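Coordinate analysis (summary)
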Amino acid sequence: MNTPNTPNASNIANIAIVGGGLAGLAAALTATDAGAQVTLYERAPRLGGATWSFARNGRCYDNGQHVFMRCCTEYMAFLDRVGVADHVTQQARLTVPVVRPNKPRAHITRTSAPAPLHLGWTLLRYSPLSLTQRIKAVRTALALRRLNPQDPSLDQLSFGDWLGARGESARAIAALWDLICLPTINLRANEASLALAVKVFRTGLLDSKDAGDLGWAQVPLSVLHGAAASQKISQAGGSIALSTHVEAVGEGPCITVGGQSTATDAVVIAVPHDALDGLVPPNTVPHQNQLSELGASPIINVHFVFDRQVMDVPFAAALDSPVQFVFDRTEPATCQELASAPTTEPTQVVPTQVVAVSQSAAFAEIGDRHSDIIERYRLALADLFPQVAQAEVLDAVVTREHTATFAGRVGTASLRPGPKTAIAGVFVAGAWTNTGWPATMEGAVRSGNLAAQLALEHCRAPANVVYAKGCGV
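The structure reproduced in this document is the subject of the present report. Just so it is clear, the model here is predicted, and its values are computed rather than measured.

A look at the packing of aromatic side chains
By the definition in use, this model includes eleven aromatic pairs. Aromatic pair Trp52 and Phe54: ring centres 5.9 Å apart, planes at 50°, arrangement tilted. Taking the relative accessible area as the measure of exposure, Phe54 reaches 17% and is therefore buried. Pairing Phe159 with Trp177 gives two aromatic rings, centres 6.3 Å apart and planes at 90°, and the pair type is edge-to-face. With Phe159 in helix H5 (residues 159–165) and Trp177 in helix H6 (residues 170–185), this residue pair connects regions lying 18 residues apart in the sequence. Given the relative accessible area of 0%, Phe159 is considered buried. Given the relative accessible area of 3%, Trp177 is considered buried.

This is the structure:
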């Protein structure tokens, strides 16, 4: 293992991290591990960014459902670094149950054969498609494997158009390709950039037999990410300022908080793309005035507490239903670390089950009333899991993320900047930057790690270290 270069005690670099999401947390840990003095500023009263949890009626809920793949190596290393790797479940072998109303359950799974043969059997047996469609899907998967996600021309075509040109039917796109495109890119194939789709399918499914094995949290996300990382950062001597708004980052580099400008040796800005323009001077990053074109794609989650077990799998994809994905979140919901008060149920005479419906690219329903959304998905779940029809809903809550991710549409690759900026010592991070990945936890962690490494390199050059209390302009 390579040991990071650690500055001398008398020559400790000061690095400011702006933003406490996964990118900012990863950057802070990378910097503290190298011996830097880190101060992390987060505008919200909590850490975790787009991955957070809340308490309601003695239970804990995540704002959204987040899964990862075995290919998410830097995210998994992050979990190990903060000591929570034992709080996630990892599949030994990819298996995705696919449920439909009044139809037998299908599965997307893999064998132990080498890639890409590991998926051939499941594609050829995938019952939601006709035999002709399955054979065509195998050929399309092989064609995807031949494409290079770094080819800029792929970002000029939608995944849906490419699939259509290969003769993939609307049914095949909805029943297979969107099943993977929606939760990973947060767009349907007809809108998603082909370049991002190729990245997802090649890295996650086609290049390695075990890359797509799924993992998910057994505890609330705020416990898994924010709380665990906060403890490690503090133990390393770092400082965390919550509910603190950084007003500006400028030459020096320096940061402005509460009207007071302070010099630092380097800054990593890990905020959403729509927050960057007001934080730094114009033209600090390439195409800064066009970042709004990255857009946003919303996600809705509907959390149900049933008075009995209604589903017998940890998660499932749904077809021919309003539901996209559904998760059993009973175990994380019982975590009392976040609950504002102990559960009011002294003993649970009957087992309850907490089920979360997750809807990506929820443009059409993001503004619907809570009551309408809850009833829509209660009825839809009953069509997929018959036990729901007999179950009582003890509680239900809707969470909305209007700007859950950037929208990885055609032409957006050129808008995603790298970590370096026009200001010496200032770097940007976030899942929206040019990570090569869609807006995922892996992309966020990768961006934070890289930005922090560049910040450390900047600080190791003696002429770049400021060691001043003011901001010399």
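Once the structure has been displayed, the description carries forward.
What to know about helix H13 (residues 441–460)
Residues spaced three or four apart along an α-helix point in a common direction, a consequence of the helix completing one turn every 3.6 residues. Taking 1.5 Å per residue as the helical rise, H13 with its 20 residues ought to reach 28 Å, and the 29 Å between its terminal C-alpha atoms agrees with that figure. Along H13, 15 of the 20 residues are buried, which leaves the element largely enclosed by surrounding structure.

Quick word on the nonpolar core
Of all hydrophobic cores here, the largest spans 99 residues; its most connected members are Phe78, Phe159 and Trp177. When neighbours within four sequence positions are excluded, Phe159 is seen to be in contact with Leu144, Trp177, Cys181, Ala189, Ala192, Ser193, Leu194, Ala197 and Phe201.

Description of the pattern of salt bridges
Where charged atoms of side chains with opposite charge meet at close range, the side chains can pair. In the structure shown here, the tally under the stated rule is 18 salt bridges. For Asp307, the salt bridge is made with Arg308, and the minimal N-O distance between the two is 3.0 Å. The shortest N-O distance in the salt bridge between Glu442 and Arg446 comes to 2.6 Å. With Glu442 and Arg446 both in helix H13 and four residues apart, the pair spans about one turn of that helix. Look at the salt bridges and you will find they share partners, linking Arg70, Arg110 and Asp213 into a network.

Conventions we followed
Residues numbered from 1 in each chain as written. Predicted model: local features only at pLDDT ≥ 70, side-chain atom pairs only at ≥ 80, totals over all residues. Heavy atoms only, no water. Phe/Tyr/Trp six-rings, centres within 6.5 Å; stacked < 30°, edge-to-face > 60°. Buried < 20%, exposed > 50% of the residue type's maximum accessible area, 1.4 Å probe, protein only. Helix = DSSP H or I, 4+ residues; strand = E, 2+ residues; numbered from the N terminus. Expected span 1.5 Å × (residues − 1). Core = buried A, V, L, I, M, F, W, Y, C linked by side-chain atoms within 4.5 Å. Contact = heavy atoms within 4.5 Å. Salt bridge = Lys/Arg side-chain N within 4 Å of Asp/Glu carboxyl O.

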